[in-house]
Amino acid sequence: MDKLRLILDISKTHLLAKKKQTLVAALGVTFGIGMFIIMMSFMTGLNILLDGLVLNRTPHIQVYNKTTPTEYQPANKYFDEVSNINQIYSIKPKSRLDRIHNALPILSELKKNDDVLGATPQTTCKVFYLSGSNNLNGVISGIEVNEEIRLFNFNEYVVDGDVNSLIKKKNSILLGSGIAKKLSLSVGDNIQITSTNGTNFSLNIGGIYQSGLAEVDDIQSFVNLKMAQQISSAGGNYISRIHVKLKDIEKAVPFSKLIENIYDVEALDINTANAQFDTGSDIRTLISYAVSITLLIVAGFGIYNILNMFIYEKMNDIAILKATGFTGKDVMYIFILQALFIGFIGAFLGMAIGYGGSVLIDNIKFETEALPTIKTYPINYNPNFYILGFIFATVSTFLAGYLPAKKAQKIDPIDIIRGQ
Amino acid sequence: MNSILEAKNIDKYFLTPTKFHVLKDISLQVQRKEFVSIMGKSGCGKSTLLYILSTMDTSYTGDLIIDGQSMNNQSKDDLSRIRNEKIGFIFQFHYLLPEFTVLKNVMLPALKLGKEDRKTIEKNALAKLDLLGIVDQANKKASKISGGQKQRVAIARALINNPKIIMADEPTGNLDSKNSEIVFNVLRSLSDEFDMSMLVVTHDHDFAAKTDRIIEMEDGYIVKDK
C-alpha cells in the first residue's frame, strides 16, 4: 500500500511538474479519439440515413398476385414425362384478377401473427391524370393512411399539405410532386383523372407526395383505400397488395416462404426485392470499418510517439531512481501509471470533443430535394464509439507506456548516466 | 570479517566502439569505518570501477562481496534493494530529481525502503539536511538551488538510509575549494561518527591526502595501495 502510494506520489509530481507537456501528450490522445468518434458517428449516421431511406419505406414482405404461366401444364399430367418428351409451344398465362383472392381474411390473419408488426392493404389502379389536352399516365394507390404512417413513416414523404386530408375528405389525393410540377398544380387545386375503364373522377389535392425518386414521383399518387376501390369500380374486398412489416427484418425470407405456402399468393421479401441495395449497404459498412480501423491505427501511432518521447525525456530520472534503490518494476509502474493517466485524460477530452464535433455536424444545414425529411447532416450517437474510443485510448497509452518502461526496467542505471 | 566491501579479480571490457580492457584483475578490500580514496588519471577506469562496486554496472567478471553477501548471482531488483539499503552513492553531477523538492529528493530512498513511516522519514531527512547545513532549502525545488547546495543534498540523500558504505564519484569535482572543504569535512565526520565506510574517487590531491588510504590506478591496474 505504501509502495503504491509512493509510486503514485512520484508519478503525480512528474505529471504536474510539466503541465504543458502532460497536456500536449493528452491532447495527442484527445485528437485521435475525438476524430475517431466524429468520423464514425458521421459515417454510420450517413449509412443509417441511406439504409433508412430504403428500409423504412419498403415493406418487409409484399404480398400480391403474380401473372405467370402455370408451371405444371395439364399436358404433363396426361402424358407423363418419364415416358414422353412433351414440348408445349406458346404457353400463355392463365388470366387472373389483379386482386388478391380472399384478401381480407389473409390480412386479418397476418395482423394476428406474433412476428408481424403490422400489415396494410393497398389497391393500385392505373389512371390518366388530365389537364386540358394533356394526359399523363400514372398509378394511384389506395392506402390506409394511419397504418402507413405507423409502419412506413408515410407522413415524412408528404412535403406540402396535410397527410390526414385523405381521412378527412374522401376525394382527397396526395399528388406525386413530379405530376404536380408538370401540371402546375398545388395544394387545394382539383385534378381530373380517368380510370382504365373510362370513368372520370375529380379529386382535390390534399398534399404533395415526394419520395425523392423522380421516376416514382412522376407517376405515383395516393388516395384513400375506399376511393381507389371506387376508381377500380370494385368492392371493399378488392385489394391488390398487402404490405407486411415484421418485428424482425431477419425473418423476412422464411416468413415470405411461409405465406406463399399457406396462401395462393406471391410473397416478395425485402432481401430479394432490394438485393442490389443490400450489396451497396454491405460495401458501405465495410468501408466504414476500414476507415475506422485506419483512424485508430493512426491515432495509436500518434499516441505511441508522444508517450515514447515523454518517457525518453525522463531517462535521467530513471537512472537516478534506480541508482538510489528503486527497482526496475517500480520504475516501470511509475511510467505506466503516467501513461495511463495521460490516456484517461486524453480519452475523456477526446470523448467530449467527439461529442461536441458530432453535435456541431448535426446542426449544419443539409437540405436536398432528394431527401425531403433531412434538414441537417446525419449523426449516429452510438455510445459504442465512445466506449471503443476510450478502451482504445487506454490500451494504446498503456502499450505506449509499457514498451519504453519495460526497456527502462532492464537497463543498468549506469548505462543511462554514461551515455550522457 | 571486518571488510565491508571486497572485490576479487574484477575484469571489465568496453565493447564499443572497439573492444577495450578497462579493468584488469582488480582486487581490493574496504574495511569498516575506513575512508578510502581512489586516484588516477582520466580514463584509467576509476569511475568504471566505482560503478561496478556500487552494483550499478553488472557487466563484468569477477567476484564482488558487499557486507558478507556475494553480488554475483543477484537479480537486478535484488541489487536495487541492496543499493537502497547498504550503499549511498554520490555522483559527480549531483543527479537530483529536478521536479521534486529538496526534502522529497532526500526522502525518496527511505520511502522506498519503507522501514519507517512517512513522519519519521521526514524528520530524519530534515536532520540530515541540518547536518549538511541546508535545512533552510528543504522546501525549494531541487532545480532552484546552487551547485554546492545540490551536492550537499545529494550527500544527504546518500545518507538517509544509514548505509554501510558511501561511494562518491568526484564529489568535489565541480565545487570550489570552500565547498570542497565542506563536503570533505562532512564525509570525514560521517565516517568517524556513524561508522560508515567511504570510497571516494577523486582528482583532488589535497582531498585524497586527508583520507585514510589512497588507491592509485593506471591503465586499468591498481598500481599503488597504501
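Peer 1: So, the side chain of Asp169 of chain B: which residues are in play, and what are the values?
Peer 2: Residue and element names in this part refer to chain B. Residue placement: Asp169 occurs in strand S7 (residues 165-169). In this structure Asp169 is buried but unpaired, with Lys46 as the nearest side chain of opposite charge at 6.8 Å. Polar side-chain contacts of Asp169 include one of 3.1 Å to the side chain of Ser47. Side-chain polar atoms of Asp169 contact the side chain of Tyr51, separated by 3.0 Å. Aside from chain neighbours lying at most four places away, what touches Asp169 is Ser47, Leu50, Tyr51, Phe89, Ile90, Phe91, Gln92 and Val201.

Peer 1: Mind laying out the interface of chain A and chain B, listing which residues take part and the relevant values?
Peer 2: Taken together, the contacts link 30 residues of chain A with 27 residues of chain B. With both sides pooled, the region where chain A packs onto chain B buries about 2,600 Å², and carbon together with sulfur makes up 58% of that total. It is Ile320, Ile414 and Arg418 of chain A in chain A that bury the most area against chain B; as a group they hold 19% of the surface buried on that side. For Asp9 of chain A, the salt bridge identified is with Arg118 of chain B, shortest N-O distance 3.8 Å. Between chain A and chain B we count 7 residue pairs in polar contact (both at pLDDT 80 or more) in total. Of all the secondary structure elements, the ones that give two or more residues to the side of chain A that touches chain B are helix H1 (2-17), helix H13 (315-323), helix H14 (328-362) and helix H16 (413-418) of chain A. It is H1 of chain A that contributes the most residues to the side of chain A that touches chain B, 8 residues altogether.

Peer 1: Account for the nonpolar core, with residues named and values stated.
Peer 2: In terms of nonpolar packing, the biggest core is built from 94 residues, with Leu5, Leu28, Leu53, Ile155, Met167, Leu187 and Leu199 of chain B touching the most fellow members. Here the element with the most residues in this core is helix H3 (residues 102-113) of chain B; it accounts for 7 residues. In this structure, Ile33, Met40, Leu307 and Tyr386 of chain A belong to the second largest nonpolar core, which totals 22 residues.

Peer 1: Any details on the packing of helix H5 (residues 147-159) of chain B against helix H6 (residues 177-193) of chain B? Residues and values, ideally.
Peer 2: Residue and element names in this part refer to chain B. Their axes nearest at 10 Å, the elements H5 and H6 cross at an angle of 10°. When the axis of H5 is compared with that of H6, the two are roughly parallel. Crossing hand, H5 versus H6: right-handed. In this structure, H5 contributes Gly148, Arg152, Ile155 and Leu159 to the contact, and H6 contributes Asn179, Ile182, Val183, Val186, Leu187 and Leu190. Residues of the contact of H5 with H6, tallied by class, amount to 7 nonpolar, 2 polar and 1 charged.

Peer 1: Lay out empty space enclosed by the protein with the relevant residues and their values.
Peer 2: Throughout the structure, instances matching the rule amount to 3 cavities of 30 Å³ or more. If you add up the space inside the largest cavity, you get close to 100 Å³. Forming the boundary of the largest cavity are 13 residues, of which Thr324 of chain A together with Ile87, Gly88, Arg157 and Ala158 of chain B lie nearest the centre. Contributions of two or more residues to the lining of the largest cavity are made by helix H2 (76-86), strand S6 (87-90) and H5 of chain B. For the lining of the largest cavity, the leading source of residues is S6 of chain B, giving 3 residues. By residue class, the composition of the lining of the largest cavity is 6 nonpolar, 5 polar and 2 charged. Each pocket or cavity is described by its volume, and for the second largest cavity that value is around 70 Å³. Among the residues making up the lining of the second largest cavity, the classes are represented as 3 nonpolar, 5 polar and 4 charged.

Peer 1: Requested: an account of the sheet that holds S6 of chain B, with residues and values cited.
Peer 2: Residue and element names in this part refer to chain B. Taking strand neighbours across the sheet as the criterion, the 6 strands line up as S6-S7-S8-S3-S9-S10 in an open arrangement whose pairing is mixed. With one partner strand each, in any of the chains shown, S6 and strand S10 (221-225) form the two edges of the open sheet. The mean angle between the axes of side-by-side strands here comes to 20°, regardless of whether they run parallel or antiparallel. Taken together, the 5 bridges between S7 and strand S8 (residues 197-201) define a ladder with parallel strand orientation. By the bridge assignment for S8, Asp169 is matched with Val201. Strands strand S3 (35-40), S6, S7, S8 and strand S9 (213-218) of the sheet are contacted by helix H1 (residues 46-53), whose axis makes an angle of about 150° with S7. Running at roughly 170° to S6, H5 makes contact with S6 and S7 of the sheet.

Peer 1: Got a sec to walk through helix H5 (residues 145-152) of chain A? Specific residues and values, please.
Peer 2: Residue and element names in this part refer to chain A. Within H5 the residues assigned to the buried category are Val145, Glu147, Glu148, Leu151 and Phe152. Down the axis of H5, the smallest arc covering the buried residues is 160°, so these residues share one side. Close packing links the buried residues of H5 with strand S2 (116-131), strand S3 (134-143), helix H6 (165-168) and strand S9 (241-246). One or two steps after H5, the chain reaches Asn153, where phi turns positive at roughly 50°.

Peer 1: Break down the packing of H3 of chain B against H5 of chain B for me, citing the residues and quoting the values.
Peer 2: Residues and elements named next belong to chain B. Axis separation between H3 and H5 bottoms out at 7 Å; the angle between their running directions is 25°. Here H5 runs roughly parallel to H3, going by the angle between their axes. In terms of crossing hand, the pair formed by H3 and H5 is right-handed. Listed contacts from H5 to Val102, Asn105, Val106 and Pro109 of H3 are Val153, Ala156 and Arg157.

Peer 1: Account for the confidence of the model for chain B, with residues named and values stated.
Peer 2: All names here are of chain B. On average, chain B scores 83 in pLDDT, and the residues at 70 or more come to 99%. Here S10 stands out as the element of chain B with the lowest mean pLDDT, 76, in contrast to S8, whose mean of 87 is the highest. Our summary of model confidence lists the complex with pTM equal to 0.70 and ipTM equal to 0.84.

Scoring rules and cut-offs
Residues numbered from 1 in each chain as written. Chains lettered and ligands numbered in written order. Predicted model: local features only at pLDDT ≥ 70, side-chain atom pairs only at ≥ 80, totals over all residues. Heavy atoms only, no water. Helix = DSSP H or I, 4+ residues; strand = E, 2+ residues; numbered from the N terminus. Buried < 20%, exposed > 50% of the residue type's maximum accessible area, 1.4 Å probe, protein only. Lys, Arg positive; Asp, Glu negative; His and termini not counted. Salt bridge = Lys/Arg side-chain N within 4 Å of Asp/Glu carboxyl O. Polar contact = N/O pair within 3.5 Å; in protein donor to acceptor, adjacent residues only side chain to side chain. Contact = heavy atoms within 4.5 Å. Buried area = accessible area lost by both parts, 1.4 Å probe. Core = buried A, V, L, I, M, F, W, Y, C linked by side-chain atoms within 4.5 Å. Axes fitted to C-alpha atoms, helices over the stretch in contact; angles between N-to-C directions. Parallel < 35°, antiparallel > 145°, perpendicular 65-115°, else oblique. Left-handed = near helix turned anticlockwise from the far one by under 90°. Nonpolar A, V, L, I, M, F, W, Y, C, P; charged D, E, K, R; others polar. 1 Å grid on protein atoms, 1.4 Å probe; cavity = no way out; pocket = protein on both sides within 12 Å on 5 of 7 lines; lining within 4 Å. Points joined across faces, edges and corners; volume = space filled by probe spheres on them. Pairing = 2+ DSSP bridges. Arc of directions from axis to C-beta. pLDDT = per-residue confidence, 0-100.

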